[in-house]
Amino acid sequence: MDAQPDPRPQDGSPVETRKPRVAVVFGGRSSEHAISCSTAGSVLQAIDRDRYDVVPIGITTEGRWVLESGDPSRLAITSAEALPAVDGSRLPVALANDEGGGELVARDPAPAATGGAESLGEIDVVFPLLHGPWGEDGTIQGLLEMAGVRYVGAGVLASAVGMDKHYMKIVLQAHGLPVLPYTVVTSRQWELDRGAVHESVGSLGYPVFVKPCRGGSSMGISKVHGPEDLDAAIEEARHHDPKVLVEVTAEDGREIECGVLQGFGSNPPDASVVAEITVEGHEFYDFAAKYLPEERTRLDVPADLPEAVVKRVQDLSVQAFEALSCEGLARVDFFLLPDDRLVINELNTMPGFTPTSMFPRLWAASGLDYPALVDRLVQLALHRDTGLR
Ligand SMILES: Nc1ncnc2c1ncn2[C@@H]1O[C@H](COP(=O)(O)OP(=O)(O)O)[C@@H](O)[C@H]1O
Ligand SMILES: [Mg+2]
């Protein structure tokens, strides 16, 4: 793995004594609000307070930004009934663009004391721990670009492409990378000609997987065994996104995942060890199998695979990272088919990030523990400018 470059100025200018201020942003408007809170709890616990000033910022499910307490214990997922959420009654904050830099401003609800707004100081880097739409999809990245604030992870384009399973496949295919055959059902097609939709799905061959194009955490996804269940599955997916992807099933495919981290400077990205997920008691890796503590999902890190397969997964992961112009981090998910073919299922630009999530476990098994991983991501972001610089 790369050594981190010396962050001190090399031109004799004075060394900045203030610690970099990192805003950890979490929650958000997507259905993955709770997962994001739980990830933030872990990052807030692990980030090195001797090196960074940390400001926890929650985004409520309605989209309001507040200064959160960041109490890690309040943010953990303990059961399906009591999912963590951002506390909307806390002090509202906003990101102000001040002379090309981002400043965080608290909007005091009792304006007499402060004149309405009080600066919480300049933000050096934002860690957007947001999954799904309005976070992992380029929207907050666009906001931060406009404000000129550095941030962890993929930029606007890679985030948007990585969020949209339709365009992700188009880009991967254009780079010669293997994906499963699919068809897309737009709102207009669904409303105008369901017969044609049935015909094109039928030609893929059942069973198929029906997914919202811009979803995550397995929400809105169904495995459909025959045409009689197709309409209900499409309607379910449409609750999450009016654009729906229908895909051939990777029958008896093994689920294989690999982490990628950007290199410093012009160094190439690093691929982690490779892992396998085995789901018991569920038809596929659904929300419960992913997140609920009592489920019997097995994560083998590293996976028991021949070395040549591991190498191919790692190569394809780095190629996928570069095909989408990713930055910072990504997790690339595969199916290993019974005939030994590998296909890329998806790439996540902000993968689940608690210490027990796959991405940090992949890196821990590759020699980079959780605090070091958080640190590398913040450092990568600090060494990169916004815009086209
Ligand atoms: N084509 C497929 N064949 C077999 N299983 C699939 C297929 N697509 C998705 N799955 C199952 O559904 C899970 C979630 O699908 P995925 O496309 O990864 O969506 P998400 O973005 O919600 O994670 C996968 O981890 C896998 O278990
Ligand atoms: Mg997935």
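For every chain, the first residue of the written sequence is number 1, and numbering continues from 1 along that sequence. Whichever chain is written first is A, and whichever ligand is written first is 1; the rest continue in order. At least 70 in pLDDT is required for a residue's local features to be given in this predicted model, at least 80 for side-chain atom pairs to be given and counted, and no such filter applies to totals for whole chains, interfaces and linings, which use all residues. Processing note: side-chain calculations cover all non-hydrogen atoms of the structure and skip hydrogens and water entirely.

The next subject is the sheet that holds strand β12 (residues 244-248). Backbone-to-backbone hydrogen bonds join strands into a sheet, with any given pair of strands oriented parallel or antiparallel. With respect to topology, 4 strands assemble into an open sheet ordered β9-β12-β10-β11, the strand pairing being antiparallel. Each end of this open sheet is capped by a strand with a single partner; those strands are β9 (182-185) and β11 (222-224). For this sheet, the mean inter-axis angle between neighbouring strands, taken without regard to orientation, is 25°. Between any two strands, pairing holds if DSSP finds at least two bridges. Only runs of H or I of at least four residues qualify as helices and only runs of E of at least two qualify as strands under DSSP, and these elements are numbered from the N terminus. Pairing analysis gives 3 bridges linking strand β10 (residues 208-212) to β11, with the strands arranged antiparallel. Every axis in this analysis is a line fitted to C-alpha atoms, fitted for helices over the stretch in contact. Angles between the N-to-C directions lie between 0 and 180 degrees.

Moving on, we get to the pairing of β12. Each residue is placed in one exposure class: buried if its accessible area under a 1.4 Å probe, protein chains only, is under 20% of its type's maximum, exposed if it is over 50%, and partly exposed if it falls in between. Judged by how many residues are buried, β12 sits mostly within the fold: 5 of 5 residues are covered. Note: β9 against β12, 4 bridges, orientation antiparallel. Following the sheet pairing, Thr183 is matched in β12 by Val246. Of the pairings in the sheet, the one linking β10 to β12 comprises 5 bridges and is antiparallel in character.

Most of strand β13 (residues 254-261) is tucked away, with 7 of its 8 residues classed as buried. Here β13 runs beside strand β16 (residues 329-336); their pairing, made up of 8 bridges, is antiparallel. Bridge pairing in β16 places Val260 opposite Ala330. Two elements, β13 and strand β14 (residues 270-278), share 6 bridges in a ladder whose sense is antiparallel.

Here Tyr206 and Pro207 are connected by a cis peptide whose omega angle stands at -5°. Position of Pro207 relative to the elements: it lies in the loop between α7 (194-204) and β10. With an omega of 0°, the peptide bond between Val301 and Pro302 qualifies as cis. Tracing the backbone through its elements, the reader meets Pro302 in the loop between β15 (298-300) and α10 (307-323). The backbone of Ser218 shows a phi angle near 65°, a positive value even though the residue is not glycine. Tracing the backbone shows Ser218 in the loop between β10 and β11. Phi angles above zero are rare outside glycine, and Ser325 is one such case at about 55°. Ser325 sits in the partly exposed class, given a relative accessible area of 44%.

It is worth spelling out the sheet that holds β13 at this point. Taken in spatial order, the 5 strands line up as β15-β14-β13-β16-β17 in an open sheet, and their pairing is antiparallel. Looking at strand neighbours, the two that pair on one side only are β15 and β17 (342-348), the edges of this open sheet. Looking at each pair of strands side by side, their axes are set apart by 25° on average, direction ignored.

Salt bridges are defined by distance alone: a side-chain nitrogen of Lys or Arg within 4 Å of a carboxyl oxygen of Asp or Glu. Across all of its chains, the model carries 21 salt bridges by this definition. The partner of Arg331 in a salt bridge is Glu257, with the nearest N and O atoms 3.0 Å apart. Residue Arg331 is located in strand β16, and its partner Glu257 is located in strand β13; the two are separated by 74 residues in the primary sequence. Of the two residues, Arg331 and Glu257, both sit in the buried class. Across the pair Asp300 and Arg298 runs a salt bridge, and its minimum N-O distance is 2.9 Å.

This brings us to the site of ligand 1. Among the 19 residues in the neighbourhood of ligand 1, the closest are listed as Lys165, Lys211, Ser218, Glu247 and Glu255. In short, Shrake-Rupley with a 1.4 Å probe defines the accessible areas, and a residue's cover is counted only from the protein chains shown. For ligand 1, the protein covers 95% of the area, taking 540 Å² as the surface of the free molecule. For the shell around ligand 1, the secondary structure elements donating two or more residues are β10, β12 and β17. A per-class count over the shell around ligand 1 returns 8 nonpolar, 5 polar and 6 charged. One heavy atom within 4 Å of a molecule or strand makes the whole residue count as near it. Residues are grouped as follows: Ala, Val, Leu, Ile, Met, Phe, Trp, Tyr, Cys and Pro are nonpolar; Asp, Glu, Lys and Arg are charged; every other residue, Gly included, is polar.

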